[in-house]
Amino acid sequence: YLHPKSVVISCEGRQTPTVKMEGSQVIDHHKHKQSKEGRGAKEKKKDLKAKKEGTRKERHNNRAFSVANIGRTKKNIQRNLDRSQKKEYVPLSDRRATDPNESPPSLVVVMGPPGVGKSTLIRSLVKYYTNHNLTTITGPITVVTGKSKRITLMECPNDTSSMLDCAKIADLVLLCVDAKFGFEMETFEYLNMLQVAGFP
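All of these numbers come straight from a predicted model, not from anything done at the bench. (Residues numbered from 1 in each chain as written. Predicted model: local features only at pLDDT ≥ 70, side-chain atom pairs only at ≥ 80, totals over all residues. Heavy atoms only, no water.)

Caption draft 1: Broad picture of the sheet that holds strand β7 (residues 172–175). The sheet built from 4 strands is open, its strands ordered β5-β6-β4-β7 with mixed pairing. The open sheet has two edge strands, β5 (141–144) and β7, and neither has a second partner. Ignoring which end each strand starts from, the neighbouring axes of this sheet average 25° apart. Inspection of the sheet shows strand β4 (residues 106–111) paired to β7 by 4 bridges, in the parallel sense. Opposite V108, over in β7, you have L172 as the bridge partner. (Pairing = 2+ DSSP bridges. Helix = DSSP H or I, 4+ residues; strand = E, 2+ residues; numbered from the N terminus. Axes fitted to C-alpha atoms, helices over the stretch in contact; angles between N-to-C directions.)

Caption draft 2: Molecular detail of the nonpolar core. Formed by L107, V109, M111, C156, M163, C166, A167, A170, V173, Y190, M193 and L194, the largest nonpolar core amounts to 12 residues. If you list the elements that add at least two residues to this core, you get β4, α4 (160–169) and α5 (185–196). Formed by 10 residues, the second largest nonpolar core is a distinct cluster that contains V108, V116, V126 and V143. (Core = buried A, V, L, I, M, F, W, Y, C linked by side-chain atoms within 4.5 Å. Buried < 20%, exposed > 50% of the residue type's maximum accessible area, 1.4 Å probe, protein only.)

Caption draft 3: Just helix α2 (residues 70–87), in detail. An ideal rise of 1.5 Å per residue puts 26 Å on 18 residues; α2 measures up with 26 Å between its terminal C-alpha atoms. Where α2 begins, one side-chain oxygen reaches toward the backbone nitrogen of G71, 3.2 Å away; that side chain belongs to N69. (Expected span 1.5 Å × (residues − 1). Polar contact = N/O pair within 3.5 Å; in protein donor to acceptor, adjacent residues only side chain to side chain.)

Caption draft 4: The packing of aromatic side chains, seen in detail. Counted under the stated rule, the structure contains 2 aromatic pairs. With 5.0 Å between their ring centres and 80° between their planes, Y128 and Y129 make a pair best called edge-to-face. With a centroid separation of 5.8 Å and 45° between ring planes, the pair formed by F183 and F188 is classed as tilted. F188 gets classed as partly exposed once you look at its relative accessible area, which sits at 46%. (Phe/Tyr/Trp six-rings, centres within 6.5 Å; stacked < 30°, edge-to-face > 60°.)

Caption draft 5: Highlighting α4. Those residues of α4 lying buried are S162, M163, C166 and A167. Across the axial projection of α4, the buried residues extend over an arc of 135°, all falling on one side. Where α4 is buried, its residues contact β4, β6 (150–155) and α5. (Arc of directions from axis to C-beta. Contact = heavy atoms within 4.5 Å.)

Caption draft 6: Spotlight on the packing of α4 against α5. Across the interface, α4 lies against α5 with an axial gap of 9 Å and an inter-helix angle of 40°. When the axis of α4 is compared with that of α5, the two are oblique. Between α4 and α5 lies a crossing of right-handed hand. Of the residues in α5, those in contact with T160, M163, L164, C166 and A167 of α4 are E186, Y190, M193 and L194. Class assignment for the residues of the contact of α4 with α5 results in 7 nonpolar, 1 polar and 1 charged. (Parallel < 35°, antiparallel > 145°, perpendicular 65-115°, else oblique. Left-handed = near helix turned anticlockwise from the far one by under 90°. Nonpolar A, V, L, I, M, F, W, Y, C, P; charged D, E, K, R; others polar.)

Given below as structure tokens:
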């Protein structure tokens, strides 16, 4: 049942919907009509014609892509440049890093009887090359002596096994002798071990 003043909207397979009112009145809703006359239509026709012929000129309004506040833009650009400049730094070459073409450090063994001054000699060499004071010496110490030269200082303990091991791997041996006692048995024993190990 339909009211006498009711309205029925149906498409019925058409692109534009139709409105059926009671009776035989049918109203079609048409699409928006494009302008066929006037300045806008003439410009559009002219643009389409130039596009087909390939003579169309792309025009850009420079003001449309400009900034609103030139002073603020300058400050932002300068600020970004300053921030990027702060991130830059001069790379420093790490002299402790091993170069594949660089030879390993030379091993310098300091040998002598107890209380002759082996630790004092090593501390003095480290102070000379690095300007640092060492309180305790534990293990080998590698120092940089030049642009491409390093040495490893090692104190030799007073036992036979340590003397033999140091004699096999040493590149240079510093024999400390006490001036009060002169040459001791440890010194001659170590010299004999070095000759057996092939030390020149």
